[in-house]
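# A look at the structure
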Amino acid sequence: MTDEKRKYKIWAQGATDQTGHRNYLAALLPHMQSCVEPDFELTFHTITPSVTTVHALSEFRFSREVIRGAIEAERQGCDVFFMNHFQDVGLYEARAAVSIPVVGLGESTLLHACTMGRKLGLLAINPAFIPAHAEQVMRYGLQTRVAGIRSINANISDYMEAFNAPAKKASLAEVFEREARRLLDDGADVIVPTGGIPMMLFASEPGASIDGAPIVNGVTIVVKAAEMAVKLRKLGGMGTSRVAHSGFGLPSEQTLREFLEHG
């Protein structure tokens, strides 16, 4: 197949697997595939054990998987890598490790959401993630665009149950809507669920909104952001900055080898 006719390859990295997140993946994967343009192909990669606990150590463990996944994606000839994990752990390190575009669910969602309104309201799946999201807001320079960060006090098993149990989904949706309206009262006009799980539960229906404020489905956004990164690179050579002070300079062979062998 000639280069003009071959499909662009997307490596999608999840923090999930079929053991701990089966119900979520049953909704997520068909939606992702429905977003992919005909000239792209998307392969979703899981990890085992998946991230099933809400803790900084779990996030750190996944960050290593992200970096290694990006390196392997490039070696396998993929055109772009993205992580489907809102906290974007390992995003900058992965971006500095490979020459292909690296996209994060959190960064792409937040930046696009800024085009949808004036102030964002972030709604986390658990209070433990609020500090991480506050750090993301600062990292991406969005302090003046975020009205607030609130959360639902639930665990992974609650969300997994909600995908198959209408009563459980309705119970979580009631809390989601209550907290979203508090964000609206604080000045938000766009609601951002901070994770693929709440996005698929509360933002997957066309036109999802609360009192006129759109609920952002970042899963759709990150797929299209990955495609756009490839197309922009093809059209004009636009890619990641490699200026030394960007922090995205590519590693030497020694640096890469030492990470893969000991990181």
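One structure accompanies this document, and this report is about it. These numbers were taken from a predicted model, which means no experiment stands behind them.

### Describing the packing of helix H1 (residues 22-35) against helix H9 (residues 218-236)
Between H1 and H9, the least distance of the axes is 9 Å, while the angle of their chain directions is 40°. Accordingly, the angle class assigned to the pair H1 and H9 is oblique. With respect to the hand of their crossing, H1 and H9 are arranged in right-handed fashion. In this structure, H1 contributes Leu-28, His-31, Met-32 and Cys-35 to the contact, and H9 contributes Val-219, Thr-220, Val-223, Lys-224 and Glu-227. When its residues are assigned to classes, the contact of H1 with H9 shows five nonpolar, two polar and two charged.

### A short note on the sheet that holds strand S5 (residues 120-124)
If you trace the three strands from one edge of the open sheet to the other, you get S6-S5-S7, paired in parallel fashion. The open sheet has two edge strands with one neighbour each: strand S6 (146-151) and strand S7 (190-193). Averaged over neighbouring strand pairs, the angle between their axes works out to 20° when direction is ignored. Strand direction decides the pairing type here: S5 and S6, joined by five bridges, are parallel. Each residue of the ladder has a partner; that of Leu-123, found in S6, is Arg-150. Set on the sheet, helix H4 (residues 105-113) makes contact with S5 and S7; between it and S7 the angle comes to about 175°.

### As for the packing of H4 against H9
One way to put it is that H4 packs onto H9 with a least axis distance of 9 Å and a crossing angle of 100°. It follows from the interaxial angle that H4 and H9 lie roughly perpendicular. Residue-level inspection shows Leu-105, Ser-108, Thr-109 and His-112 of H4 in contact with H9, the latter providing Gly-218, Val-219, Ile-221, Val-222 and Ala-225. Here the residues of the contact of H4 with H9 sort into five nonpolar, four polar and no charged.

Each value, and the rule that gives it
- Residues numbered from 1 in each chain as written.
- Predicted model: local features only at pLDDT ≥ 70, side-chain atom pairs only at ≥ 80, totals over all residues.
- Heavy atoms only, no water.
- Axes fitted to C-alpha atoms, helices over the stretch in contact; angles between N-to-C directions.
- Helix = DSSP H or I, 4+ residues; strand = E, 2+ residues; numbered from the N terminus.
- Parallel < 35°, antiparallel > 145°, perpendicular 65-115°, else oblique.
- Left-handed = near helix turned anticlockwise from the far one by under 90°.
- Contact = heavy atoms within 4.5 Å.
- Nonpolar A, V, L, I, M, F, W, Y, C, P; charged D, E, K, R; others polar.
- Pairing = 2+ DSSP bridges.

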